[in-house]
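# Analysis of the macromolecular model
Letter by letter, the chains look like this.
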Amino acid sequence: MATENVTVRKRPGMAAKSVRDMVLSLAAVLAAGIVIYLFIPHSGGNGVRPVQYEDSVLSARRAAPYPLLAPSPGALPSGWNATSVNFDASNPAAAVWTLGFIDPAGQYVAIEQSNAPADSVIHDATLDGQKTSATTLVDGTAWTQYQGGRYQAIVLKGAKGTTVVFGTETFAKLGDFAAKLTDH
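Structure report, in brief. Residue numbering note: each chain is counted from 1, following its sequence as written. pLDDT decides what is reported in this predicted model: residues at 70 or higher carry local features, side-chain atom pairs at 80 or more are listed and counted, and totals for whole chains, interfaces and linings draw on all residues regardless. The basis for every side-chain value is the complete set of non-hydrogen atoms in the structure, without hydrogens or water.

## Some details on the nonpolar core
Among the buried residues, those of types Ala, Val, Leu, Ile, Met, Phe, Trp, Tyr and Cys that are joined through side-chain atoms within 4.5 Å form a nonpolar core. Accessibility here uses a 1.4 Å probe with only protein chains present; expressed as a share of the type maximum, an area under 20% marks a residue as buried, one over 50% as exposed, and anything in between as partly exposed. With 26 residues, the main nonpolar core has Trp-97, Phe-101, Ile-111, Ile-154, Val-165 and Phe-177 as its most contacted residues. At the level of elements, helix 2 (54-63), strand 3 (96-102), strand 4 (108-114) and helix 4 (171-179) are the ones that each hand at least two residues to this core. With four residues, the single largest contributor to this core is helix 4. In terms of nonpolar packing, the next biggest core, distinct from the first, is built from 13 residues, Ile-102, Ala-116, Tyr-151 and Val-155 among them. A helix here means a DSSP run of H or I that spans at least four residues, while a strand means a run of E at least two residues long, and both kinds are numbered starting from the N terminus.

In structure tokens form, the structure reads like this:
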């Protein structure tokens, strides 16, 4: 097999033209980005996207293997916004109900219930929070306090499942929220 020596000759000024083309392309992309930014509406505000949860509560209550808790409509003061709602019954032995809110102070408060093993439910909801020796009284019932790195929680273990009220609020405010929960 014969090999050929091929010489490629570059046109004079080609390197400068390539750099110029690259700079022009970058400028065009930046200009398009600026135009898109200026003409796409921005929501402003605090980024909280309220969700309707009442219909989800009704559906989840029919399927839940435990008394599903949620605040009744109008039970929470003005300024509370539901931000997440989910019921996962894909595993009947570990059905999980979660409902999260942002309160008027901008703090996160949520309820998570499940019939999964209590330690697993508590670990997941509190992000590996540690049990403390303190309790919070909610309507005369003592809920166990858990302290985590991100959230604190109050926990009530029941015969049919575990209820965890958690968030960035104080234990007292978590107790106030828990007092507004009902299964009907």
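## A few points about the environment of Arg-49
Take Arg-49: it is sitting in the loop between helix 1 (14-39) and helix 2. Expressed as a C-alpha distance, the spacing of Arg-49 and Thr-83, which sit 34 residues apart in the sequence, is 6.0 Å.

## A few points about the pattern of salt bridges
Just to be clear on terms, a salt bridge is a Lys or Arg side-chain nitrogen sitting within 4 Å of an Asp or Glu carboxyl oxygen. Within the structure shown, the criterion is met by one salt bridge. Across the salt bridge formed by Asp-21 and Arg-20, the nearest N and O atoms sit 3.6 Å from each other.

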